[in-house]
Amino acid sequence: MSWISEIKHELHRQLGQVVEGLKASGQLDFSELPSYIIEVPREKSHGDFASNIAMLLTKEAKMPPRKIAEMIVNAFDKENKLVDTLEIAGPGFINFRLEPTWLAKGLAALLAEGDAYGNSNTGKGEKIQVEFVSANPTGELHMGNARGAAIGDTLASLLDAAGYEVEREFYINDAGNQIEKFGLSLEARYLELLGEEVEFPEDGYHGEDITRTMEALIAEVGDKYKDTESGLRRELLTRYALEKKIADIRKTLAAFGVHYDVWFSEQTLHDSGAVAKAVEELNEKGYLFEEEGALWFKSSLFGTEKDEVLVRSNGIPTYYAADIAYHKNKFQRGFQEVINIWGADHHGHVARLKGGMAALGYDPDRLQVILMQLVRLFQSGEIMRMSKRAGTYVTLEELMEDVGVDAARFFFVMRSADSQMDFDLDLAKSQTADNPVFYVQYAHARICSILQQGHENGITLDNMGQADLSLLKEASEQDLIRKMLDLPEEIAYAAVHREPHRIAVYVLDLAGLFHTFYTNCRVLGVDAPLMAARLRLCQATASCIAKCLKLLGVSAPTHM
RNA sequence: GCGCCUGUAGCUCAGUGGAUAGAGCACCGGCCUCCGGAGCCGGGUGCGCAGGUUCAACUCCUGUCAGGCGUACCA
């Protein structure tokens, strides 16, 4: 348990004891303890910790909150080792000021944990899966995929740090309608490149990457498939192109710092009969019916707006049917919870999929979908529509070239998935130095520079001996320590609530507090004991910043 | 029409039912004999609107207005 949690826990316990004591002695009347909190007040002048317990008791006890607070404060143990002073403030808050060395003790505990600082056992080893990006292998990765990659990867890292057993998964949509179209498009480009007159399929994929893929094939085998029967030819071209595309996607994501544990093929669900089996299972439970030649699932029984087709009249199962089988498979693999990161344009699918899971007997809450609002791309003041078919989109590759991995990842994770984001390419290209990621990285580099210079002058953390951290009494030093002591709870909160953007916001704040400290307090050259304490403070800060940046998939440079 | 997401400072966005709602950008002033000025400090009449719940609402509920996205035998 983290230092802050320990203290909160202890104060919570002590408060509860005092209030129960007041009840026992007949001074306070209530049925049971309300769910009061111990929090760190936003305003520093309100003490180190504060509780709202008096306000919550007001109604039952039939007394004004400040009066109740007064009774509690008076009944509090004056010989308390932890609490220095208590005061009543505002509408009835009880503010705690702790004994002055509590921050130093927290900092010492932080340093003792080293790289593990920030981790917790919040997830209790629960097996959890994050499936993200899962882009169609028919094209290149675009901005939406990039946002999904940054959010999904950071969330997975957070869950890992918070004590979950995490797996990252990419679902390869290598079956279904769009693969058919893909094949038709490939075939058209192939023949075109061989000089044939062909009509390009109307709703085919127009992306240049398709042409390039076929150029590569021709370089390898020439016109080998020119006279092959069309069906077989499409199959061969598709197989070739899929392999190439998936390899490209894997490579691009790796360059973006994303590495998966599992690449799961949709086709294998069809081949193994898992899709047919899932459909059959729903049928046995009596949830299917036939209409106009198609097989429907009464998904409306499970909360969808209307019923849905599972098997089309041409006998081919829908994406929905495959997805039900896929998520059943996930649960069969032992994941307690599975998280999907989807674009908001898929939100209609959430209720359907949850309904499917419920029909199969799984608690639908074990499937969580994070919908990210779509990314709007601005260039030259104009909104760019991203369309794979028209081939007009900025790819993740291009983005990485333009703004770099660090800036791109930080930028995407910085805002909540719920909010739409405008990505101004011109701004990102021309003013990269304004990007907040540099602000954070700069703080890290500055600290490394201080430690380095100390080292060059023979002052190292090792030969300084035991530092007296209670010498860190400046406001900017204490603010920095307080912020760092929040990290474990911050990570746990972000993981549990699936809000990776909080870490970006947190580390920006932390870097800001360091810059303030740096301006106010010299490290090198002050009295040896103080220098030792400040070097430790620097070391801890660098470690916390690096920890956050690692979670975000951003590098922590030692110099810039 | 119905469903989901979003309306917070000029702009882009944070904000876990609590006390005086924050940051970055932009704009205007300061701050380098000294650890990296890619930095620091100061400058603000802002929670779409209306009800409700609560001791307490940016936060929860209802309604309403505005924007985005869905509402296929596509995925």
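All residue numbers here refer to positions counted from 1 along the written sequence of the relevant chain. Whichever chain is written first is A, and whichever ligand is written first is 1; the rest continue in order. Only residues with pLDDT of at least 70 are given local features in this predicted model, and only at 80 or more are side-chain atom pairs given and counted; all residues enter the totals for whole chains, interfaces and linings. Only hydrogens and water are set aside; all other atoms, that is, all heavy atoms of the structure, feed into the side-chain values.

(A) Structural detail: the sheet that holds strand β9 (residues 294-297). Spatially, the three strands line up as an open sheet ordered β8-β9-β10, and their pairing is antiparallel. Of all the strands in the sheet, the pair left with one neighbour each is β8 (288-291) and β10 (308-311). Geometrically, the sheet is characterised by an average inter-axis angle of 45 degrees between neighbouring strands, direction not taken into account. A pair of strands is considered paired only if DSSP assigns at least 2 bridges between the two. Helical segments are the DSSP runs of H or I of at least four residues, strand segments are the runs of E of at least two, and each set is numbered from the N terminus. Here β8 runs beside β9; their pairing, made up of four bridges, is antiparallel. Within β9, the residue paired with Leu288 across the bridge is Phe297. Axes here refer to lines fitted to C-alpha atoms; in helices the fit is confined to the stretch in contact. Angles between the N-to-C directions go from 0 to 180 degrees.

(B) Focus on the layout of surface pockets. Its volume calculated, the second largest pocket comes out at about 1000 Å³. Both site types are read off a 1 Å grid over the protein atoms alone. A 1.4 Å probe that fits but cannot get out defines a cavity, while an open set with protein on both sides within 12 Å along at least five of seven lines defines a pocket; lining residues have an atom within 4 Å of a point. Around the second largest pocket sit 38 residues that line it, and Ile4, Lys8, Val40, Asp486 and Glu489 are the ones nearest its centre. With six residues, helix α17 (residues 487-496) is the single largest residue contributor to the lining of the second largest pocket. For the lining of the second largest pocket, a count of residues per class yields 15 nonpolar, nine polar and 14 charged. Grid points are joined across faces, edges and corners, and a volume is the space filled by probe spheres set on the points. Residues were grouped as follows: Ala, Val, Leu, Ile, Met, Phe, Trp, Tyr, Cys and Pro as nonpolar; Asp, Glu, Lys and Arg as charged; and all remaining residues, including Gly, as polar.

(C) Region of interest: the pairing of strand β4 (residues 93-98). In this sheet, β4 lies alongside strand β2 (residues 49-51) in antiparallel orientation, the contact comprising three bridges. Bridge pairing in β4 places Phe49 opposite Phe96. With six bridges joining them, strand β3 (residues 83-89) and β4 adopt antiparallel strand pairing. Paired with Ile88 across the bridge in β4 is Ile94. Hairpin connection, β3 to β4: the antiparallel pair is bridged by three residues, and Gly90 has positive phi, about 55 degrees.

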